[in-house]
Each structure stands twice: as C-alpha cells, then as structure tokens.
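# Structural characterization, general
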Amino acid sequence: MFEQLDSLIFRYDEVNELLSDPSVISDTNRLRELTIEESDLRPKVEKIKRYKQINEEIGETEEILSENTDDEMAELAKEELSSLKSEREELESQIKIMMIPEDPNDKKNIIMEIRGAAGGDEAQLFAGDLLDMYTHYATNQGWKVEVIDANITGIGGYKEVTLMISGDKVYSKLKYENGAHRVQRVPETESQGRVHTSTATVIVMPEAEEIDFDIDDNDIRVDIYHASGAGGQHVNKTASAVRLTHIPTNTVVAMQDERSQLKNREKAMKILRARVFDKVQEEQQSEIDADRKLKIGTGDRSERIRTYNFPQSRVTDHRIGLTIQQLESILSGNLDDIIDALIVYDQTQLLEELNGPNS
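Predicted model, so just to flag it, every value in this text is computed and none were measured.

Thresholds, definitions, all that
- Residues numbered from 1 in each chain as written.
- Predicted model: local features only at pLDDT ≥ 70, side-chain atom pairs only at ≥ 80, totals over all residues.
- Heavy atoms only, no water.
- Helix = DSSP H or I, 4+ residues; strand = E, 2+ residues; numbered from the N terminus.
- Buried < 20%, exposed > 50% of the residue type's maximum accessible area, 1.4 Å probe, protein only.
- Pairing = 2+ DSSP bridges.
- Axes fitted to C-alpha atoms, helices over the stretch in contact; angles between N-to-C directions.
- Patch = residues over 30% accessible without salt bridge, like charges linked within 9 Å, V, L, I, M, F, W, Y side chains within 5 Å.
- Areas by Shrake-Rupley, 256 points an atom, 1.4 Å probe, with all protein chains shown as cover.
- Salt bridge = Lys/Arg side-chain N within 4 Å of Asp/Glu carboxyl O.
- Lys, Arg positive; Asp, Glu negative; His and termini not counted.
- Charge placed at Lys NZ, Arg CZ, Asp CG, Glu CD.

### So, the environment of Asn 264
- Relative to the helices and strands, Asn 264 resides in helix α7 (residues 261–289).
- Taking relative accessible area as the criterion, Asn 264 reaches 0% and is therefore assigned buried.

### Observations concerning the sheet that holds strand β6 (residues 220–225)
- Spatial strand order, β6-β7-β8: 3 strands in an open sheet with antiparallel pairing. Taken across any chain shown, the strands that pair with only one partner, and hence form the sheet edges, are β6 and β8 (251–255). Neighbour-to-neighbour, the strand axes of this sheet turn through a mean angle of 15 degrees, independent of strand direction.
- Note: β6 against strand β7 (residues 241–246), 6 bridges, orientation antiparallel. Paired with Ile 220 across the two strands is His 246, which belongs to β7.

### Focus on a negative patch on the surface
- Negative charge collects at one region of the surface, where Asp 70, Asp 71, Glu 72, Glu 75 and Glu 79 lie side by side.
- Turning to its location among the elements, Glu 75 is positioned in helix α4 (residues 71–98).
- Since its relative accessible area comes to 42%, Glu 75 is described here as partly exposed.

This is how it looks when you write it as structure tokens:
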C-alpha cells in the first residue's frame, strides 16, 4: 500500500500544474474535475509528506542517540524518538485508511425512498419520523433536501416518500441506511398502552447521471395520463402525469406532482435512471460481497438493520452491535455517532481484506 505514496505526490503536483494551465482554466468541466481531485488529494499528500519527514527525523534522532554519551542528551533523544514513533504509527493507520479504494459512488448525491412496511398506520407514521430524521441530518451537514414524490396518508404518515439529497459526499455517509428500520413504541391509537412493533424500509441509491449510466430510449415505454387525487378525482385537466417503464428490468416510475408533463417526465427519468443503475450495481456488488464478513450499505435491503425503542429511549444498530441511549437526539437528526461507527467498522473490514487478518 505504501508503494503508492510517491505516485500520489507526483499526481498532486501534476494536478496543481494543470490548474494553472490556460487551456484548463478555460474548460469549465475540466477545471471543476481537477479542482475536486486537488481537494481530495491535498489532505492525503500532507499526511504522506509528514510521514516521510518523521521517518527522516527518526533516523536523525537514532543517529544522535547512538553517538551521544551525555546522559541528559540521551534521555531527551529517547523521549523525542518515542514521540516520533507514536506519531508515525498514528499516521500509518490514517494513511492506510486513506489508501482504501474509494467507492466510486461516494461523492454522489442520492435518491432515497422511505416506505411504511409492516404495522399499518403506525409504520407509515414511523416512515414520516425517518423522513424528518434524515431531513434534519442533511440540514446539519449543509446538504439540500428535495421531496420528489410523496404518498401521504390521512393521519399524516407516509406510504412512501422519495427525496433527493444533494451536497458533498452524500452517498458516502447515507449508503449505510439501506434496510429495514424497526420501531417499538405505544401508538397514539393504542388505548391499552401496549408496545407495538412496526417497520419502515429505506433504500438509498446514488444519483445516476447520463455520463454514469445511459438508458436506451428504445427500452423505455412512456405512458401519459391525467393526474388524479384521492378517490380518483381529476386534479388536472391536461394529461400531465407520466409513467415510465424500463422494459428490460420491468422498473416502473410514475410521477404526477407537477402540472407540467415535461417536469414530471424529468423527475420520473431521474428516479428511473437511479433505480436501474442501482439494480445493475447491486447485481455486480453481490458477487463482491459474497466473501465479505459484513455487508454494510450494500447488503440485503429486507434485513433489519436498526431498532428504535421508545420505552427505553434506545437505538440499536444490529450490524455492529452499537446501542445508544439517545433516541430523541437521533430522531432529531444527530446521526453522527452511528454513521461514524459504521464507517470505521467498514474501513476496518476492508483493511483486513486488503492486508490479511495478520497484518
């Protein structure tokens, strides 16, 4: 892994030279790509340079120690050597994590789908709670949230809701939310005070641009119809609702939120591309994940990943055995402790696979 360090420094210097090239400056797309690459490389290169510097300082200190007979100077050199070696060890760990191959989707925006599952009205209300939780978390991260489509129940819950979250490395953090989320609490409609268990499912898909994944127009069937409200009543006199079907995968997306057929088609296409792209990637990933000990973020989406227990104010992530007694805070969007723990666990698993269990 450390053999790659010099090549990273070389690439960083090369990118900085390109960023001052007039032909690059005049090319907006190329400039943006290189600026992002420079920003990504900079912290890595800083750590690598410090790592190299420490190795030189350790060599110099060891030389001083071997040549010096003065007890006081020798003691100072030993203390310095111990401090340098501790810093080097810490940097080695950080650099190893940085050198783990990145998920190519980590920098992408996401499309998230939340659905009330088992538990009727209570499951749909819980889907609304999850929507609020992710909306608050995204706001805390400085991300933008847009609800693309929503099927709201009469009591204020959600049969399903689709949203787009845009910002810096959204997928890298929220990909771990795929799966079934279970809630244990006393529903408002429960007169006997009994705790009910309900579930809602969350699907997180990286946004797929045309440059990432192109869908052949001939593979899409387009149906146009009149948008309708509750009870089938027409809410639009023009045929503005759009249903897109990707024939090879039988993926269907219907959109009627907008009055404009064009806007509904754009939104439907965005979701369709993400779903088909996600389906293709899931098939590819299943082969890779077959040998992994833990499938965080890409595992079976019917798997129960987390339980929110209201009577004990407790949240448990079952994949890593993490329990936090701060349910209210977590539902308010303070997910950092859980997501950070999942990232560290995932990185540890990947490092073991890259280096071997005895590394």
